[in-house]
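Topology and contacts: notes
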Amino acid sequence: MPVKNRFAELLPEITAWRQDIHENPELLYEVHRTAAKVAGLLRDFGCDEVVEGIGRTGVVGVIEGRSDKAGRVIGLRADMDALPIIEQTGAAYASKTPGKMHACGHDGHTAMLLGAAKYLAETRNFDGTAVVIFQPAEEGGAGGRAMVEDGLMQRFGIQEVYGMHNMPGIPVGTFAIRPGPMMAAADQFDVKVTGKGGHAAKPHDCIDPVLVSAQIVVGIQSIASRTVDPLKEVVVSVCTVKTESDSYNVIPQTVTLKGTVRTLDPKVQDLVEARLKALIEGIAAAHGAKAEIDYRRGYPVTMNTPEETHHAAEVARAISGGCDMGIAPMMGAEDFSFMLNERPGAYIFTGNGDTAMVHHPAYNFDDNVIPFGASWYAGMVEARMPAG
Ligand SMILES: [Zn+2]
Ligand SMILES: [Zn+2]
């Protein structure tokens, strides 16, 4: 099963969908135009059922195979949302909306899954049901969770679920995956350190929240070096430090800190959260200051189940001749994790070649990826639900 010939024929059409979506980027749940286009095309393809409004603006298409002897149902997922970035690709089809841009390639994912849906609805060469899932709000809005909470898995009887993301730095036409954690859990924290403000020349009359915050920023780095097993992955980053003053001679009353914690193991995540709170409260208390901490769990770990990862790699290998199974996990996060928490499945990278990284203003999805990605989506359905 190399690249399916049908996708070579469909390439101009799929590319046109991709570039149209690229030209009309929409953020988070506001993917109204994109979702309407997806739903309209799925109906044109002759999907057996098209449902809009799952997870607010998510779209689901159902395609019945030629037979249904084994009662199998496979879900395939793409994301539809763009990013708040000013585009610098210079492409003829660049964003028509300044400040919004498809800088993560979700335009490509959506177009490839549409291509696979068209092919599957034409051929139906499988035993069971394919469910194509188009989600909103991957970029920080937890659209995957919103669809899961709307009953996505139960309503369509999904038994396994597969997702794909393009990845710069991996050659076009090749794939990469690993069993177990693929992407990190991403949590956020806000800290408000309250001291006692006053004249900078009289620090002994103050409790300086700047000094306390500086010690907190340094102190919580001991979590990675002295709390977590050195063989386990962890990131603790303070990314924002702000006082309410902007002066040279005032010790402020408060300092606020913002940051992120990234982990690949739920036990490490629990440990880091507990240790972070204890250190921050302890450091503040040692100086007579007060620290209020708001720790919020974000996207969970994207966890590939071993058997389904093996199947995903087999299909990728058949298409491209290679699939790198030795890649390291990434400390970025991905909200397909909410779907993988519900059902076994896998999330695979498909190479975008030597391009700018995702989320960069010069990034662009490479349309040469389309035949490979669309073949993989369609191939997963045919391989996991072979026609009898
Ligand atoms: Zn992204
Ligand atoms: Zn993305």
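Here goes a summary of the coordinates provided. (Residues numbered from 1 in each chain as written. Chains lettered and ligands numbered in written order. Predicted model: local features only at pLDDT ≥ 70, side-chain atom pairs only at ≥ 80, totals over all residues. Heavy atoms only, no water.)

So, on to the pattern of salt bridges. This model, assessed by the stated rule, comprises 24 salt bridges. Across the pair Asp-367 and Arg-18 runs a salt bridge, and its minimum N-O distance is 2.8 Å. Placement of the pair is Asp-367 in the loop between β16 (345-353) and α11 (370-384) and Arg-18 in helix α1 (residues 5-23), with a sequence separation of 349 residues. Overall, Arg-18 belongs to the buried group, its relative accessible area being 0%. (Salt bridge = Lys/Arg side-chain N within 4 Å of Asp/Glu carboxyl O. Helix = DSSP H or I, 4+ residues; strand = E, 2+ residues; numbered from the N terminus. Buried < 20%, exposed > 50% of the residue type's maximum accessible area, 1.4 Å probe, protein only.)

Okay, the coordination of the zinc ion (ligand 1) next. Distances from the zinc ion (ligand 1) to its protein donors, namely Cys-104 (SG), Glu-139 (OE), Glu-139 (OE) and His-359 (NE2), fall within the range 2.0 to 2.8 Å. Classification of the site at the zinc ion (ligand 1) as irregular follows from its four donor atoms and the range of 52 to 149° in their angles at the metal. Within one chain, the residues donating to the zinc ion (ligand 1) are spaced in sequence as C-x34-E-x219-H. Separating the zinc ion (ligand 1) from the zinc ion (ligand 2) is a distance of 3.1 Å, and Cys-104 supplies a donor atom to each of them. One end of the pair, Glu-139, is in the loop between β4 (129-135) and α4 (143-149); the other, His-359, is in the loop between β16 and α11, with 220 residues separating them in the sequence. (Donors = N, O, S within 2.8 Å, 3.2 Å for Na, K, Ca; no water. Tetrahedral: all angles 85-135°; square planar, octahedral: opposite > 155°, others 65-115°.)

Right, let's get into the environment of Glu-281. One can find Glu-281 in helix α8 (residues 266-286). Between the alpha carbons of Glu-281 and Ala-291 there is a distance of 5.7 Å; along the sequence they are ten residues apart. Residues contacting Glu-281, with those up to four places away along its chain left out, are Ala-291 and Ile-293. (Contact = heavy atoms within 4.5 Å.)

This part takes up the sheet that holds strand β5 (residues 160-168). Taken together, the eight strands give an open sheet; going across it, the order is β1-β2-β4-β3-β5-β16-β6-β15, and neighbouring strands pair in mixed fashion. For this open sheet the edge positions go to β1 (49-54) and β15 (323-324), each flanked by a neighbour on one side alone. Taken together, the five bridges between β1 and strand β2 (residues 58-64) define a ladder with antiparallel strand orientation. Each bridged residue has a counterpart across the sheet, and for Val-50 the counterpart in β2 is Gly-61. Sheet strands touched by helix α9 (residues 306-320): β5, β6 (175-176), β15 and β16. Its angle to β16, the strand with the most contacts, is close to 30°. Contacts from α11 reach β3 (73-79), β4, β5, β6 and β16 within the one sheet, and its direction differs from that of β5 by about 160°. (Pairing = 2+ DSSP bridges. Axes fitted to C-alpha atoms, helices over the stretch in contact; angles between N-to-C directions.)

Moving on, we get to the coordination of the zinc ion (ligand 2). Each pair of donors in an ideal four-coordinate tetrahedral metal site encloses 109.5 degrees, whereas pairs in an ideal six-coordinate octahedral site enclose 90 or 180 degrees. Taken together, the protein donors to the zinc ion (ligand 2) comprise Cys-104 (SG), His-106 (NE2) and His-165 (NE2), at separations of 2.1 to 2.3 Å. In terms of primary sequence, the donors binding the zinc ion (ligand 2) are separated according to C-x1-H-x58-H. On the basis of relative accessibility, which here comes to 6%, the residue Cys-104 falls in the buried class.

Glancing now at the pairing of β2. Burial analysis of β2 places six of its seven residues in the buried class, the great majority of the element. Remark: three residues form the turn of the hairpin made by β1 and β2, two consecutive strands paired antiparallel; Gly-55 in that turn has positive phi of roughly 65°. Sheet analysis places β2 next to β4, joined by six bridges and oriented antiparallel. Following the sheet pairing, Glu-64 is matched in β4 by Thr-129.

Along helix α6 (residues 209-219), the positions that sit buried rather than exposed are Pro-209, Val-212, Ser-213, Ile-216 and Gly-219. Buried residues of α6, viewed axially, fall in a sector of 125°; they line one side. Buried residues belonging to α6 abut β8 (185-194), α7 (222-227), β11 (250-251), β12 (254-263) and α8. For α6, the capping residue at the N-terminal end is Asp-208, with a side-chain oxygen 2.8 Å from the backbone nitrogen of Val-210. (Arc of directions from axis to C-beta. Polar contact = N/O pair within 3.5 Å; in protein donor to acceptor, adjacent residues only side chain to side chain.)

One pass over the structure, following the stated rule, counts seven aromatic pairs. Between Trp-17 and Phe-45, the aromatic rings sit 5.7 Å apart at their centres with planes inclined by 40°, giving tilted as the arrangement. Placement of Trp-17 in helix α1 and of Phe-45 in helix α2 (residues 32-45) is noted, with a sequence separation of 28 residues between them. Taking 5.8 Å as the distance between ring centres and 85° as the angle between the ring planes, the aromatic pair formed by Tyr-299 and Phe-338 counts as edge-to-face. (Phe/Tyr/Trp six-rings, centres within 6.5 Å; stacked < 30°, edge-to-face > 60°.)

Let us look at the sheet that holds strand β10 (residues 234-243). Read from one edge to the other, the open sheet built from four strands follows the order β10-β12-β8-β13, with strand pairing classed as antiparallel. Both edges of this open sheet fall to β10 and β13 (290-296), since each of them pairs with a single strand only. Neighbour-to-neighbour, the strand axes of this sheet turn through a mean angle of 20°, independent of strand direction. Here β8 pairs with β12 via ten bridges, running antiparallel. Bridge assignment links Val-191 to a residue of β12, and that residue is Leu-257.

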